[in-house]
Structures are given as structure tokens and as C-alpha cells.
Amino acid sequence: MQVPAADPADNLRLAAPVGRWDDAVPLGNGMIGGLLWGEGSSLRLSLDRGDLWDERTTGQAEWWKEHPWNSLEDDGDPWSQYYEGVTPTKLPAGRLEVKVDPARTIETFELDFATAEGVVAFDDGAAARVLVSATEPVALLRVVGVSVLEARLLPAGAVEESGDAGPRSGGAVAGLGYPPAKRGQTDDAHWYVQDAADGFRYCACVVTRHRGAETLLAVAVTTTNDCAPGEDLLMLARKRCDEALAKGYAEVLSSHAAWWHEFWAQSSIEIPSPHIRRSYQFARYLYGAGSRQGAPPMPLQGVWTADDGGLPPWKGDYHNDLNTQLTYMAYQGAGHFESGDSYLDFLVKLTPSFRRFAMDFYGTGGLASPGVMSLSGQPLGGWGQYSMSPTMSAWNAHLFYLHWRYTGDDDFLRDRAYPWCAEVGRCLAELLSRDANGILVLPRSSSPEIFDNGPRAWLKPNSNYDLMCLKMLFLSLTEMAEAQGQSTAARKWARLADELGDFHAAADGELLLDAETPLRESHRHLSNLIAIHPFNLISVDGGARDNERIRASLAAWDELGTGEWCGYTWAWMSCLRARVGDGEAAARHLDVFTRAFVSRNGFHVNGDQSGEGFSNLTYRPFTLEGNFAAMQAVQEMLLQSWSPTPGKRDTETIRLFPAIPWSWHDAAFTDLRAEGGHRVSARRENNITTWFRITAGKDGPVRVRDGFGGREPEWANPGVTRAGADFVAWLRKGEVLEGRLARSAHGPEAPAGATARVGQSPATLPGTADQGCVLLDDPSDAGGREAQGRELR
């Protein structure tokens, strides 16, 4: 089955005006980002670049050495103060403003997913097309049929002044103490060069060419990181623009579109929920536009830093207590491994810094990645209970483990995954000691982000969050060591996992925060449930006790309500509900996320924008992790491949359509990835699976869970056997297992409430009696969604 190209029906379309940067059309190539927006006859392209950072420490240099982990003598938090300063922080790059003939008016903005172009339509049929090249370090704007009167660059935070003085530096730059940007122009070019801190400088340049009815503009953003000694920033930026203009838009587009064609060819899905499918495609697009090998990985806002005159929320940093991990949790299933390499390469590159941090702050060998950090890996402080917690490194290690499991790349395991994760294991093992019961515990413990940074946030070691992170790390290391024939190391890691003891649960099975503390308030972070998702240490295959813990814990979360949930909570909970096989609840949570917690363009904005009471939080700071968690939720609904015995080699089990809501009568996917490095395609018709194909990623057994309702597959392969609930076939790498199942004229009966639409009152929110209801593409709503111009909300 050939993977189809991006469907134009999924394109993002926005009716003008688009008056906010965080509603704009996002463009990017991993290093350079742009946001396309505007109104009337004014077109704006907000600029960003991944390495624009001010790394100056607030307060005492290397303050973590003066306040190490073992220096805490009470329930305080000496580390929060260092997050209160302006720096370190991500920096915005500024903005290109293009003025066209005032007789023309912008009507629509569109993001063409297939070619990753922004398309601007004017009222008279004229158009502009914009791309940030996937293969060259430039952005190009092509305007046809309308006169371009002015193209100018505004430095970050610039504000307008009347008179001839033009714009002056203000806002973001003024707050950092930078001198005004050095601005210049010629007949065909406009630029500025900004001196930042510690010798860092950056430049933005636009060069314009007019050819008949066409105007072509090239934009480059350069930094001192690009330049050889003695090389001039402006000259380099001008050279890049001139080279792109000499090629012309069509030639640059050709290589750019070819890159994106290969990107989309990795996999595809077909689901009957248009707004959820568009959300999925948008998140996939963000991986291609925002995360590339060789460029910095995505922080909170990726390469789309706020263009509102100030600095980005939460410094635009790397939050390793949830944000980076959710951001990089979905690329594996879609096969976008280069996007994941960006973050994993980054962590490996920072290994020397992380080793120093482990020694200076925790007093251990090995390595530790700070819970909140800058591009250089510098700890930023913040609420110390999680920002300085050692177990955040274990969750980062889980991404290495998943990358290996989904690629089956033993070279990656040997050279990168195991060495990095083993150093995290060493750091954490050296922090552990035995309590009175002989259980290994940390000296102090917490659970993000419960109780903020007050004294109550210090929980009894080990909190369930810390325990789950530790156990997942040591079990992963056991499996990775065994895969390399390191039996002694494998036994060591397995022993550490066992000596951590069991998870903390109440008598009814509810997972607690620690051995004594239940969760008794609505909470945004699923920290006490992380063993269910993504770690899969507690699963529906784990026997009666695991299932009791799943039921009791989810019932407790439902009872607490969603008043303090962020958008990412809804998306993550959708993943978790899918993981335990509850497709109706998974779809309900995902539907609320895509309708209530995104801006016009689809960006996750944390707070409830619907006015319908899904959360008490109604602010709108844009961060990316919710988008990728929502993408992963769709993949969890279509395909799962986790092992029922964590830490054991070659036990992954492929589950086809394990959490599909009843109203998704027909669904399909092509070349989604499974653990073991397998590629999987499948089709579902009238609520039953009718065909699947698995291309083996390695030599060995391929297990397929029998979820076929008593129908026996017609196998294209000989030798398929049954082992308990699974079908098993032994394949060589690259061999294909294919099965077909009879279609049915009458699919399964709808479960109670499955076709009902979630109402607009709190009575249908999670935790109420109407648990079966789910918002699922009510046909009566189709016209309303079309009228929105296919905006992602």
C-alpha cells in the first residue's frame, strides 16, 4: 500500500484578519522559524532561530554548587529565586513587515501541508506564497499580481514611533540591556544587526527583487554560531539571500517540496473525525518544521518564539518534567526519527555538562540533565522540587529507550542509548540508600507539579512518580544490557529495579502520591499515573492487581474533575485512556483538547478557550507539548505494541485498533511503526479489522494480539501459530506478515452512549455519571466546521 501524500482537505485555512502571532501560519526548517499573519494590506512574518539565547545566569554564577542537593536542611526551596530573573532566556529574532498596494486586502491565509508553504490570497485573486526552505538557510516570499510598496525588518520588541526616526528598540531587547540594533538599508535590502550578551550577535536581512508582476523577497537570519573567525554576519546573511534569489522561487521550492514529500511518505492515517485528523497532521507537520537533526531541539515554543514585544513565557526553556518528554513522544510511531534525533543528539552533546552537574549538585558520578534548563544545559532553577529533581533524567532516558525499541537500531543502542542511560542509572543508584524496611529510596522526593513549591511538595521518599521513573529506568537498562550480551550488568539493573519495592496504592488500588498521601485535588500533571502511560509498568495485561489499580486510579481522577487541567492534560489523558483500551474516553478527551485548548491555527495554548468550563484555567500561553501528546493519542488508538513484561527482550505485542471509538466505523493506517522496528499497516471497515500487513524490523517472533472477535485471519504466510491470546510468526528482517479477515455487513453493536455528543455543561465532563458520552463528529456539526474555513479549533 502506497503512503498517500498530505491531503489538501487537511490544510490549515484562516480567514483574515489574523491579528495575533500565536494564531499565525507556522513555517520552519528546524533552525529558522516563521509565523505568517497580518490584515488589510499588511503582511507579517515573525522570525525566530533555534540558537537565539541569552545564557547569562541570574544571580550567583554556578549557584547550584553553593546550594547542592544535600544542603537542604528543611522543607524549603533555595532554588526558585534563580528562575525569577530575566535570563537565561530564549530570544525572538524580530519581524518582517511587507506593505502592499492599500487597494488590496488579504482575504485568507493557508498552510499547504504537502509543500509546507504559506499561501496568502488577496481579494482580487493576487497571491503570495511563503516558505522556509527545508534545504537552505533562507525564507522566500513570492508575491504575484500585487505591488509591494515596502519590506522592512523590525528588531525583536521594536515599537512604532511617529516621525522620521522610524522604529526604535524596546520591549524584549531593552529589558535585556542590549544596545539598539544597528540598522541599515540599500535600494534592494534592509537589515539589522543586534549585539547581545557575552559576544553573541545576530543579524536579520531581507533582499528584494522585482521581475514584472512578481516580487521575490529572501530573508536570512545569521548568528555568530554560523561564522568563521573574522567572517561578517551581515555579509553572510546577504550572500544567502542573493544565492536564493539567483535560483528563484521555483528552484528553491523544488528541493524543499522533495524534502517534504519524503517526510509525508513515512506513514499515514485515515480516520473519520476531520478535526482530530487535522490536529494529527498539524502536529506531524510541526515535527518536520520544528525539529531537524543538526539544529537545536524544540523548547517550549519551538522555533516560534512569542512576537508580542516581550520575552517568551517560562523563558522558552527546556522543561524536562513533562514538556520535552511529551514533545518527543509521538515521532516514533509516525516514523519521523530525524526529528527525534534532534533532541537525543542534543542530550548526548551535553553529556560533559550533565556529568559536571551530577557531581556538583548531587555529588555523584554519572550524569543528570536538569529538570529545567537552557540551550547550553545550564540549570535554571524554578520550583526546586521538580526543576532540580534527579528523576527527570530517567524520563529523558526513556526517550532513548523508545527510540531504540522503535528503530531496532543496535548501533544506536550500543553507541548512544545504553551509554547515556547507564550514566543516568549510575547517578540515581548512587543517590539511593535503604530505608528501615530495606527498600531503596532517594534522600528526598517529590511529584511534579503537585503543591507548587511549598513545604508539602516534599513527599515521603519515594514518591510514586520517582519510584515509577526509577523502576522504568532500571528495567530499560536491564533489557538494553541483555540485548548486548552484558549479563552481569543486566542482573545489576534488574536487582536495583526489584529492590525499589512496589508502587504505593490505597486499599482499593488507587495509586497515591507517596506511601501516605492521596491525590485529593484536581491536578494538571499525571505524575502518579506515569506507570500506566507512558511507562507501561502497570497494564491491562498485568493481572487482577494491575487492573484494579487502573480502575481505582482513573475513578479517583474522574472524581477530582478537570478544573485545574491544562490542555496537555486532556491530550495525555487521552493517551492513557487509549493505552488501557478505553476508546470512547480517549476520543472524548482528545475531542475536548482539539476544540477547547488550541488557538485558531491549532497551537496548544494551555488554557480553556471555549468558555464552556472544561477548566478553570483560561490563559493562553502557547507551548508545543499538548500538540504532540494529542498526536500520540491518535496513534495509541490505532496501534499499540508495548510489551506485557517490561524489561524482557523480544516480547512486544502488536495490537491493531486497540482503542477505537465505536463511531469511527472505518479507519486505516499505513506504515505506522511498532516496537521492534516493525512497520504496520491495517484497515478497519464497519467496526471490524479486515486487513493488516506487518514488515518485520528484525529477525525473530512477531506477535499479533487476537482482537478479531472470534474471526480467524486468512494468512498469506505459512507457519503462523497461536500462543495464548496472540498469533505468532517467525520472520526475518524485511519479511512481510499479512492477514485478511472477512468483512461483515453488520458490525458490532454500539456501546451505551457511544453515539451521544458531549453536552456543553459540566454534567458531561469526566468524573460525572455520563461516562459513556463522547463528542464524535456529530453530522449536524459538519456545516459549522466547514464554515470556520477548516481552522483547527
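In this numbering scheme, every chain counts its residues from 1 along its sequence in written order. Confidence filtering applies because this is a predicted model: local features only for residues at pLDDT of at least 70, side-chain atom pairs given and counted only at 80 or more, and all residues used for totals across whole chains, interfaces and linings. In computing side-chain properties, one takes all heavy atoms of the structure into account and sets aside hydrogens as well as water.

A closer look at empty space enclosed by the protein
Only protein atoms enter the 1 Å grid used here, on which a cavity is any set of points holding a 1.4 Å probe that cannot leave and a pocket is any open set flanked by protein within 12 Å on both sides along at least five of seven lines; residues with an atom within 4 Å of a point are listed as lining. Grid points are joined across faces, edges and corners, and a volume is the space filled by probe spheres set on the points. Taken as a whole, this structure holds six cavities of 30 Å³ or more when the rule is applied. Reported here for the largest cavity is a volume of approximately 440 Å³. Considering the residues around the largest cavity, the lining is formed by 32 residues, among which Leu402, Tyr406, Pro534, Arg579 and Glu675 are closest to the centre. Those elements that place two or more of their residues in the lining of the largest cavity are α6 (323-327), α7 (331-334), α11 (392-407), α18 (625-638), β22 (639-640) and β24 (667-674). Going along the chain from the N terminus, every DSSP run of H or I of four or more residues is numbered as a helix, and every run of E of two or more is numbered as a strand.

Structural notes on the pattern of salt bridges
Note that side chains of opposite charge can pair when their charged atoms are close. Throughout this description, the term salt bridge denotes a Lys or Arg side-chain nitrogen within 4 Å of a carboxyl oxygen of Asp or Glu. Under the criterion given, the structure shown has 58 salt bridges. Across the pair Arg579 and Glu636 runs a salt bridge whose closest N-O atoms are separated by 2.6 Å. Of this pair, Arg579 sits in helix α16 (residues 567-579) while Glu636 sits in helix α18, placing them 57 residues apart in sequence. We note that Arg579, like Glu636, is buried. The buried label goes to any residue with under 20% of its type's maximum accessible area, the exposed label to any with over 50%, and the partly exposed label to all in between, with areas taken from a 1.4 Å probe on protein chains only.

Concerning the nonpolar core
In this text, buried Ala, Val, Leu, Ile, Met, Phe, Trp, Tyr and Cys residues form a nonpolar core when linked through side-chain atoms within 4.5 Å. Among the nonpolar cores identified, the biggest contains 226 residues, and Tyr285, Phe474, Leu638, Leu656 and Phe669 are the most heavily contacted of them. Ranked by the residues each element gives to this core, the list is headed by helix α13 (residues 464-483), at 12 residues. Within the second largest apolar cluster, 23 residues are counted, among which are Trp191, Cys205, Val207 and Leu245.

Examining the sheet that holds strand β25 (residues 678-685)
Pairing is antiparallel in the open sheet, where six strands are placed in the order β17-β24-β25-β26-β31-β28. Edge positions in the open sheet fall to β17 (268-270) and β28 (714-715), since each of these has one partner strand only. As paired strands, β28 and strand β31 (residues 736-740) are joined by two bridges and run antiparallel to one another. Note on β31: the bridge partner recorded for Glu714 is Arg740. Contacts are assigned to residue pairs with any non-hydrogen atoms lying within 4.5 Å of each other. A fitted line through C-alpha atoms represents every axis, and for helices the fit uses only the stretch in contact; the resulting angles, taken between N-to-C directions, go from 0 to 180 degrees. Contacting β17 and β24, α18 crosses the sheet at an angle of about 100 degrees to β24. Strands pair, by our definition, only if DSSP identifies at least two bridges between them.

Digging into the confidence of the model for the chain
One rule of thumb: low pLDDT means the predicted coordinates there are not for detailed reading. The pLDDT value tells you how sure the predictor is about a given residue, anywhere from 0 up to 100. When pLDDT is averaged along the chain, the result is 91; 92% of the residues meet or exceed 70. A low-confidence stretch, residues 159-170 stays under pLDDT 50, and its non-local contacts, those more than four residues away or across chains, total 16 contacts. Counted against residues more than four places away or in other chains, residues 755-793, with its pLDDT under 50, gives 97 contacts.

So, the side chain of His319
Assignment of secondary structure puts His319 in strand β18 (residues 318-319). Take His319: its relative accessible area is 7%, and that puts it in the buried class. His319 has contacts with Tyr83, Leu300, Trp314, Thr324, Gln325, Gly371, Val372 and Tyr386, leaving out every residue within four places of it along the chain.

Here we look at α16
A helix's residues, less one, multiplied by 1.5 Å, set its expected span. Compared with the 18 Å implied by 1.5 Å per residue over 13 residues, the 19 Å span of α16 between its first and last C-alpha is a close match. Among the 13 residues of α16, 13 are classified as buried, and the element is accordingly described as predominantly covered. Within two residues after α16, Gly581 carries a phi angle of roughly 85 degrees, on the positive side.

Quick look at the pairing of β25
As defined by bridge partners, β24 adjoins β25 across six bridges and the pair is classed as antiparallel. Pairing of Ala674 across the sheet is with His678, part of β25. Adjacent in sequence and paired antiparallel, β24 and β25 are bridged by three residues, among which Gly676 carries a positive phi angle near 95 degrees. When β25 meets strand β26 (residues 688-695), the two strands line up antiparallel, connected through seven bridges. Counterpart to Arg683 in the pairing with β26 is Trp691. What sits between β25 and β26 in their antiparallel hairpin is a turn of two residues, with Asn686 showing a positive phi close to 50 degrees.

Concerning the environment of Val132
Summarising the element assignment, Val132 is placed in strand β10 (residues 127-132). A sequence separation of 358 residues divides Val132 from Ala490, and the C-alpha atoms of the two residues are 46 Å apart. Once you skip the residues sitting within four places of it in the chain, Val132 turns out to touch Leu27, Gly28, Asn29, Ile32, Gly34, Val138, Ala139 and His256.

Quick look at the pairing of β31
Side-chain alternation along β31 places Leu737 and Gly739 on a buried face and Val736, Glu738 and Arg740 on a face that remains uncovered. As paired elements, β26 and β31 share five bridges and run antiparallel to each other. Paired with Phe692 across the bridge in β31 is Gly739.

Notes on α13
Taking 1.5 Å as the rise per residue, α13 with 20 residues should run 28 Å; its terminal C-alpha atoms sit 28 Å apart, in good agreement. For α13, the buried fraction is high: 18 of the 20 residues fall into the buried class. Residue Gly485 follows α13 closely and has a positive phi angle near 75 degrees.

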